[in-house]
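Structure at a glance
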Amino acid sequence: MSVAEAAATAEAQEAGGKIRPSSLRRIPVIGVVTQDEEAQGAFKTMDLNRVISLLEKTDKDDLEEKQLKSVKKLVQCYQNGFVSFTYICILPFLKKKVSDEITYAEDAANSIALLGELMKIPNSELRIQICKCIVDFYHAEPPKKHITGYQQASSSYKIKMAEVGGLAKTMVQSLGLLENQLVEKLWVLKALQHLSTSEVNCTLMMKAQAASGICAHLNDPDPSGQLLFRSSEILWNLLEKSSKEEIIQQLSNLECLLALKEVFKNLFMRGFSHYDRQLRNDILVITTIIAQNPGAPMIECGFTRDLILFATFNEVKSQNPLVKGLKFSNSYEDFELKKLLFNIIVILCKDLPTIQLLIDGKVILALFTYVKKPEKHKIIEWSAAQYEELQLHAIATLSSVAPLLTEEYMLCQGNARVLAFLEWCESEDPFFSHGNSFHGTGGRGNKFAQMRYSLRLLRAMVYLEDETINNDLCEKGTIQQLIGVFKNTISQSDDKEEVIVLEIQSDILLILSSLCEHHIPRKEMFGTEGVDIILRVMKTDPTKLQSGLGYNVLLFSTLDSIWCCILGCYPSEDYFLEKEGIFLLLDLLALNQKKFCNLILGIMVEFCDNPKTTAHVNAWRGKKDQTAASLLIKLWRKEEKELGVKRDKHGMIIDTKKPLFTSFQEEQKIMPLPANCPTLAVMDVAENIRAKIYAVLGKLDFENLPGLSAEDFVTLCIIHRYLDFKIGEIWNEIYEEIKLEKLRPVTTDKKILEAITTASENIGKMVASLQSEMIESQAHQDVQSEQKVYTKIQATHKQRELATKSWENFLARTSNAKALKKAKRLQEKAIESSRYSEHPPNAVFHRTDIKGLNTTVPSGRVVTVESTPARLLGGPLADTDIALKKLPIRGGALQKVKAVKTVNESKKSVPT
């Protein structure tokens, strides 16, 4: 609490009453008296120094009671108010309890708000003291001595209370009372400068029309220069901390702009100090912000013409006395001013009446003085780094201004200048760029920044579709030059400049697309070299499309260039097909990214007019051997699912009357529209990819499409009838609109309309019936396939059982003598039953068994057992008839016939 509040509190306590906030306002702190009352002694005198000395003492026990009595006596003496009391408001508020800040918040806010109201008193000393008091809110110093029993309120408490009490608003209003009182006005501006550091205060000042009130008096006489400095600072804070749109609206009047114009001209022509140049640039920034408002009378006040003159006088010689003898230095402030002037030209050119002023000011010629390679031996006022930044800024400005001034652009040989500069950008001329500005980002040590902005300028010009400009570019070999630039960027690119290189490549393709579209000779000039760079981009790793570096934009530009530079030129189309371009398109389509699908399908529709395309489409195979037809049908199903088209679990038509209706069409009611307005059914064709899928499959004849499943065939039935369904849908809309307009068609027309709608519904029923047959056929086929699988499984199990049984029989013969004999008998019986009962005459009978052989498995003529060494047993077959004399095999069963010689023994011997 203040000292006055403490005095009022003491008085209330002596009266025995409760302390209320209202009791603190019973005696005015500062009263308002007339001049007559002042002459009659309304202000009584008192030894204030003694009172202040008493308030500063802290070393006595009963001091608090004496201080309260002294303050009470002081208030009674000066009950009509006194000026010097405002000095006490500078001191911090004191509190006994922590909650006092909240308890007395309303009273504190009202007390501070009263300071603003007191500015209405025509007393210079009082007004200055109030302003000093407000300034001290923001520079409060801690008290030198601590008062026992009291705590100091937080340093920001007064500032917050000033916001709550609306002090800023009343201080703005007080400016209107001080038009001819410079000292008081400067103090008020200083107080507002501090108050405007708060968003709350800036909002209050905005509502009090502070911006227009302060700006209109920027050019008032002020030898100290403080008025302009403090006013500009307040305007800055208002623009930053309150509604920018509202402040711009307040400043967009003739009076404010005339004041800004005169201030800027004076600072531009006569300001030479560092401070003046900084202030000049601040005024230009504020003007630039105001110029963004199309309603600002920049031309009417003559400010636009002056700004254009100041922006170009250094490049284009002018006889205007405003710039006679002026020259920029390479100081930081002048460098910033030059960039700000380029920037405001871009903003001013958005207002079409400014165009004539730009022509008169020769802005295009001035900007083109920077579109050239740096000259080493020419003495210029800018450093190398500054000149590079201004060069890039000038080219960027040309991108906005040149499209509005095409005649001036051509008169300045704009195309030739840009192409020559672009040629220098890709040359091997050593150039060490600094790349230390916004426009030079990523261009350090290379010429990518210059190339980037040159291509932006060319792109802006070709987008005008002005045949004079485009023909001039093509005659100068722009197409071949840009293709060469594209190739060089591929070989020279680095990971650090990847983003800029991708932007350069995208711009090149967009420029080529604009030049070649609708011009077959230019497409022929694009040729195979152009197709090669397109194919190279299409082979980019698909994972990079999600990197956020710009590959998406490059791919869009590439697809656009396919449409504009290749389609329609048959040699280029054939070369594209030979290089498997259709395969690459389908690979991109298989990525299933919706943002590319529409454009790719549009290209596919156009390419299918080439008879060679069908074979390529049918030959393509994707993942899991997916065919192009299957991919297209899958995209159709996905699109219908996103559109909310009604289909059952098998993909069949549910509503035969509206087989193609989307959920959006269902929600929207049919409304009568003019003939030139497309209806929902017509708009649906352009807003999704179903029509393009139908067109591509239609070019493939809907017949003999490979790799389709039953589900695909069910969907294909709908796609095949898409056009019929869409026609019926449009006729249904026409019929419904006639009903809504309460028109009654003639009998013949009515019958025709009914016949068309009935025919459309019948087509839907027919397709639904065909789909049902397909599903039933597929179900039957699935059952048959399943049965075949079961039969195969049964045969496999049977074979396994037979093999197991055979193995068990074999084991039984080897381990059971009775089983072996039984098998032997069965074998002999089988052999005998297979012989003839009577032998033919002169027939030679051959035995089929071997005597003495105890085995039941088929065997050859020779059985050699090597498990037992022959030297130990003499061989298992030593006594059998198999020991034929003509077999000279040593060892084993044949050792007993060593003396027998065979027919071939004399010719060769067989080693053992």
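Just so you know, these numbers come straight off a predicted model, no measurement behind them. (Residues numbered from 1 in each chain as written. Predicted model: local features only at pLDDT ≥ 70, side-chain atom pairs only at ≥ 80, totals over all residues. Heavy atoms only, no water.)

1. What to know about helix H18 (residues 332-348)
We count it as follows: A helix here means a DSSP run of H or I that spans at least four residues, while a strand means a run of E at least two residues long, and both kinds are numbered starting from the N terminus. Take the residue count of a helix, subtract one, and multiply by 1.5 Å to get its expected span. Partly exposed residues are those whose accessible area sits between 20% and 50% of the maximum for their type, while under 20% is buried and over 50% is exposed, using a 1.4 Å probe and protein chains only.
With 17 residues, H18 should reach 24 Å at 1.5 Å per residue; the first-to-last C-alpha distance of 24 Å fits that figure. With respect to burial, H18 is a largely interior element, 14 of its 17 residues being buried.

2. A word on the side chain of aspartate 222
Stated precisely, the cut-off is as follows: Within this scheme the basic residues Lys and Arg register as positive and the acidic residues Asp and Glu register as negative, but His and the chain ends are omitted. The rule for a salt bridge is simple: a side-chain nitrogen of Lys or Arg has to be within 4 Å of a carboxyl oxygen of Asp or Glu. Contact criterion: two residues are considered in contact whenever any of their non-hydrogen atoms come within 4.5 Å of each other.
If you trace the backbone, aspartate 222 turns up in the loop between helix H12 (210-215) and helix H13 (226-241). In this structure aspartate 222 is buried but unpaired, with arginine 230 as the nearest side chain of opposite charge at 8.0 Å. With near-sequence residues (within four places) excluded, aspartate 222 lies in contact with Leu182, Leu186, Leu227 and Leu228.

3. What about a nonpolar patch on the surface?
Just so we agree on the cut-off: Residues enter a patch when their relative accessible area is above 30% and they make no salt bridge; the linking distance is 9 Å between like charges and 5 Å between nonpolar side chains (Val, Leu, Ile, Met, Phe, Trp, Tyr). Using a 1.4 Å probe, accessible areas were evaluated by the Shrake-Rupley method; residue-level cover was limited to the displayed protein chains.
On the surface, a cluster of nonpolar side chains totalling about 320 Å² of accessible area is made up of Leu723, Ile727, Trp731 and Ile734. Structurally, the position occupied by isoleucine 734 is in helix H39 (residues 722-740). Under the relative-accessibility criterion, isoleucine 734 is labelled partly exposed at 34%.

4. A short note on the pattern of salt bridges
Once the charged atoms of two side chains with opposite charge are near each other, the side chains can pair. In this structure the tally under the stated criterion is 29 salt bridges. Aspartate 625 is paired through a salt bridge with arginine 621; the nearest N and O atoms lie 3.7 Å apart. A relative accessible area of 56% places aspartate 625 in the exposed class. Owing to a relative accessible area of 37%, arginine 621 belongs among the partly exposed residues under this scheme.

5. Focus on the environment of valine 682
Along the chain, valine 682 falls in helix H36 (residues 680-687). You can call valine 682 partly exposed: its relative accessible area is 38%.

6. Some points on the packing of aromatic side chains
For clarity, the threshold we go by: Only the six-membered ring of Trp is used, alongside the rings of Phe and Tyr, when aromatic pairs are assigned; centres must lie within 6.5 Å, and planes under 30 degrees apart are stacked while those over 60 apart are edge-to-face, with the rest tilted.
The full count for this structure, using the stated rule, is 21 aromatic pairs. Measuring from centroid to centroid gives 5.8 Å for phenylalanine 264 and phenylalanine 268, while their planes differ by 35°, and the two rings are tilted. Of this pair, phenylalanine 264 and phenylalanine 268 both sit in helix H15 (residues 254-270), 4 residues apart, which is roughly one turn of that helix. Pair check on accessibility: phenylalanine 264 and phenylalanine 268 agree, each one buried. Between tyrosine 370 and tyrosine 387 the ring centres are 5.8 Å apart and the planes differ by 35°, which places this aromatic pair in the tilted class. In this pair, tyrosine 370 is assigned in the loop between helix H20 (363-368) and helix H21 (384-401) and tyrosine 387 in helix H21, connecting sequence segments 17 residues apart. What makes tyrosine 370 buried here is its relative accessible area of 4%. Judged by its relative accessible area of 13%, tyrosine 387 is buried.

7. Topic: the confidence of the model for the protein chain
Here is the rule: Every residue gets a pLDDT, meaning the predictor's confidence in that residue, from 0 to 100.
Residues of the protein chain with pLDDT of at least 70 account for 83%, and the chain-wide mean is 83. The least confident element of the protein chain, judged by mean pLDDT, is helix H1 (residues 3-14) at 39; the most confident is H20 at 95. Note that residues 1-35 has pLDDT below 50 and, in this model, 50 contacts with residues that lie over four places away or in other chains. A low-confidence stretch, residues 882-912 stays under pLDDT 50, and its non-local contacts, those more than four residues away or across chains, total 25 contacts.

8. Overview of helix H30 (residues 570-578)
Buried within H30 are the following residues: Ser572, Glu573, Tyr575, Phe576 and Leu577. Just past H30, the residue glutamate 580 takes up positive phi, approximately 60°.

9. Side note on the nonpolar core
Put simply, the rule is: As used in this record, nonpolar core signifies buried Ala, Val, Leu, Ile, Met, Phe, Trp, Tyr and Cys residues forming a set joined through side-chain atoms within 4.5 Å.
Among the nonpolar cores identified, the biggest contains 206 residues, and Met171, Ile562, Leu585 and Leu697 are the most heavily contacted of them. Ranked by residues supplied to this core, first place goes to helix H27 (residues 498-516) with 10 residues. Among all residues touching isoleucine 562, those that are not within four sequence positions of it are Ile534, Met538, Leu567, Phe576, Leu585, Ile603 and Phe607.

10. A word on unusual backbone geometry
The backbone of glutamine 413 shows a phi angle near 55°, a positive value even though the residue is not glycine. Note that glutamine 413 resides in the loop between helix H22 (406-411) and helix H23 (414-425). Positive phi values are uncommon outside glycine, yet histidine 518 reaches one of about 70°. With respect to the helices and strands, histidine 518 occurs in the loop between H27 and helix H28 (520-538). On the basis of relative accessible area, histidine 518 is assigned to the exposed category, the value being 68%.

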